[in-house]
Every structure is written in C-alpha cells, then in structure tokens.
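Chain by chain, the residues run as shown.
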Amino acid sequence: MTKALDGAVAIVTGGSYSIGRAFSEALAREGANVVIADIRDGTDAAAEISRQFNVAAVFQRTDVSREEDVMALAAMVKARFGHADILVNNAALFAELPKVDFREIPVETFDRVMGVNVRGPFLMAKHIAPLMVGRGRGKIINIASGTAYKGQRHLAAYVTSKAAIVGMTKALARDLGAEKINVNSIAPGFTESASVHDNPHQKANTDATVKSRALQRTQVPEDLVGALVFLASPASDFVTGQTIAVDGGSIML
Ligand SMILES: NC(=O)c1ccc[n+]([C@@H]2O[C@H](COP(=O)([O-])OP(=O)(O)OC[C@H]3O[C@@H](n4cnc5c(N)ncnc54)[C@H](O)[C@@H]3O)[C@@H](O)[C@H]2O)c1
C-alpha cells in the first residue's frame with residue numbers, strides 16, 4: 001500500500017530525542033527517509049528508525065545555530081539524496097531554561113535562546129530550501145509554541161523566540177510561495193516530552209495547563225504527529241503561512 005510520504009527526504013532538527021524523535025518516527029512510518037540533525041548523538045535513533053520502518057535514516061551532528069554546521073548538513077543531504085522534500089525545524093532550548101523574571105535573564109542567555117530557537121530555523125530554511133527549489137513542492141514545518149499566543153510567566157526569552165517563529169513562518173511562506181514550497185508552524189501546548197520529565201520544576205505546569213484545555217488531559221508527543229504528517233503531505237498543498245495550535249483546545253486561534 002502506498003504511504004503518504006513514500007520516498008520523500010525529510011530532515012528533522014533535534015530529531016533524535018523527545019518530540020523530535022516522535023516526529024522522525026512518524027515521518028518514517030509514512031515512508032519518508034529521515035535525516036536527523038541534532039547536537040545529541042542520534043546514531044542509534046537513526047539505526048532503529050531505519051530498521052523499524054525500512055527507510056534510509058541518517059544522523060549528522062549539527063548545531064543549528066552554527067551556519068557552518070547547517071551548510072555541512074545541506075551538503076551531505078545533497079550528496080546523499082540529491083534533494084530535500086520536508087524540513088522540520090524542531091530543535092530548541094526549552095525545558096532546561098531556568099524560570100526567572102525577565103530582568104534576571106543574562107543577555108548571553110537571551111542571545112543563546114535566539115541563536116538556537118530563531119537563527120537555527122532561519123539558517124536551516126536558508127540552506128535547505130535550495131534543495132527543494134525546482135521540484136514543484138517542498139514543506140517547511142516550524143515548531144512554535146502556544147506560549148507565543150498566551151505568554152508565559154518567567155520565560156521571556158523562550159516566548160519571544162517562539163513568537164518570532166510565527167512571524168518567520170509567514171515571511172518565508174511569502175518568499176517561497178512562487179517555488180511551491182509551503183511553510184507552516186505547529187504550536188504545541190505543554191507536552192510531556194522527555195526533557196520535561198527530566199526537569200521536575202516543569203511538573204507544576206502540567207496540572208495548570210490541563211485545566212486550561214477543552215480536552216482536559218496531559219499532552220504527549222504522539223499528539224503532535226497527526227498535524228505534522230498533514231503539513232508534510234500533499235493533503236496540505238494549499239495551506240501555507242499558518243500556525244496550527246495542537247494543545248487540546250487551550251488557546252483557540
Ligand atoms: N515540551 C513542550 O511542552 C513544548 C511545548 C511547546 C513547544 N515545544 C517545542 O517543541 C520542540 C521540541 O521540544 P522538546 O520538549 O522535545 O525539547 P527537548 O529539549 O526535549 O529536545 C530538543 C531536541 O533538540 C536538540 N537540540 C537542542 N539544541 C540544539 C541545537 N543547537 N542544534 C541541534 N539540535 C539541538 C536536543 O538535543 C534535543 O534532541 C521545541 O521546538 C520546543 O520549543 C515544546
């Protein structure tokens with residue numbers, strides 16, 4: 001049976017772990033070959049995905065905030081696959097960030113968050129979009145956050161970075177529309193990702209967020225993959241510049 005993404009080439013930043021791992025697996029399940037770009041070692045993740053879903057899956061260590069790393073990634077994808085069909089800009093700094101009043105955020109921390117969460121997706125789009133041009137299709141999916149819409153206390157750098165992603169999505173959608181490359185975002189609600197589990201100070205958020213939802217339960221990474229596959233597949237060919245909130249109805253755009 002044909003799958004939605006048979007033979008596609010998908011790049012997932014931060015794709016070895018947590019929500020990104022769920023994204024890598026979901027794309028592979030639909031038949032896509034997967035390139036994992038992560039600062040964390042994704043060799044085993046790629047091997048397991050390749051074995052489980054019978055697709056090509058490769059890992060390249062990449063810090064998305066460094067242009068030389070992103071250019072090396074683009075060169076590897078070009079040499080190995082010749083093109084790219086799907087880019088998922090998932091890597092970001094989040095759970096490990098200390099929760100403090102914005103007046104206590106050192107400028108170095110602010111810049112580091114912007115470097116990974118904003119410059120990263122910009123660099124990835126800049127160097128991967130050329131691998132999509134001329135094919136009559138291409139999908140860039142940015143991972144934003146519901147916090148861009150409702151704010152969050154003591155997380156100013158992160159919230160600012162995710163609001164930038166919503167704006168960047170619209171700007172890149174306009175720039176890439178003529179090349180039939182769609183650019184959209186997913187705004188997840190607070191999700192029990194691996195790193196949220198690893199940071200106990202995040203637990204208080206879970207209870208408060210569940211109460212804010214129309215669908216009152218904890219959100220897990222698997223809740224995000226349906227929207228991801230939709231935005232990666234031809235089913236979304238006339239959807240661009242949008243941010244889809246996937247959060248059980250906490251924010252309603
Ligand atoms: N977990 C949540 O509640 C939540 C809510 C809304 C949005 N999001 C967004 O979803 C995405 C995934 O979140 P998560 O909770 O799985 O995060 P996580 O911290 O668990 O995982 C992030 C992944 O990105 C990688 N990464 C970090 N810095 C990188 C860099 N400079 N270059 C390349 N890779 C890097 C990490 O190694 C890891 O694999 C992020 O964009 C996050 O902002 C998460």
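Residues numbered from 1 in each chain as written. Predicted model: local features only at pLDDT ≥ 70, side-chain atom pairs only at ≥ 80, totals over all residues. Heavy atoms only, no water.

(A) Structural view of unusual backbone geometry. Of note in the backbone geometry, histidine 154 takes a positive phi value of approximately 65° without being a glycine. Note on placement: histidine 154 falls in the loop between α5 (147-150) and α6 (156-176). By relative accessible area, histidine 154 is classed as partly exposed at 26%. Residues other than glycine seldom take positive phi values, yet lysine 180 does so here, at roughly 60°. Position of lysine 180 relative to the elements: it lies in the loop between α6 and β6 (182-188). Under the relative-accessibility criterion, lysine 180 is labelled exposed at 56%. (Helix = DSSP H or I, 4+ residues; strand = E, 2+ residues; numbered from the N terminus. Buried < 20%, exposed > 50% of the residue type's maximum accessible area, 1.4 Å probe, protein only.)

(B) Structural detail: the packing of aromatic side chains. Enumeration over the complete set of coordinates arrives at two aromatic pairs. Ring geometry for phenylalanine 94 and tyrosine 158: centres 4.7 Å apart, planes at 35°, overall tilted. Placement of phenylalanine 94 in the loop between β4 (86-89) and α4 (107-128) and of tyrosine 158 in helix α6 is noted, with a sequence separation of 64 residues between them. Accessibility classification places phenylalanine 94 together with tyrosine 158 in one group, the buried group. Here phenylalanine 94 and phenylalanine 190 contribute two aromatic rings whose centre-to-centre distance is 6.4 Å and whose plane-to-plane angle is 70°, an arrangement assigned as edge-to-face. Pair noted here: phenylalanine 94 is in the loop between β4 and α4 and phenylalanine 190 is in the loop between β6 and α7 (194-198), with a separation of 96 residues, a long-range link. Linked through ring pairs, Phe94, Tyr158 and Phe190 together constitute an aromatic cluster. We note arginine 40 situated over the ring of tyrosine 17; from NZ or CZ to the ring centre the distance is 3.5 Å. (Phe/Tyr/Trp six-rings, centres within 6.5 Å; stacked < 30°, edge-to-face > 60°. Lys NZ or Arg CZ within 6 Å of the ring centre and 35° of its normal.)

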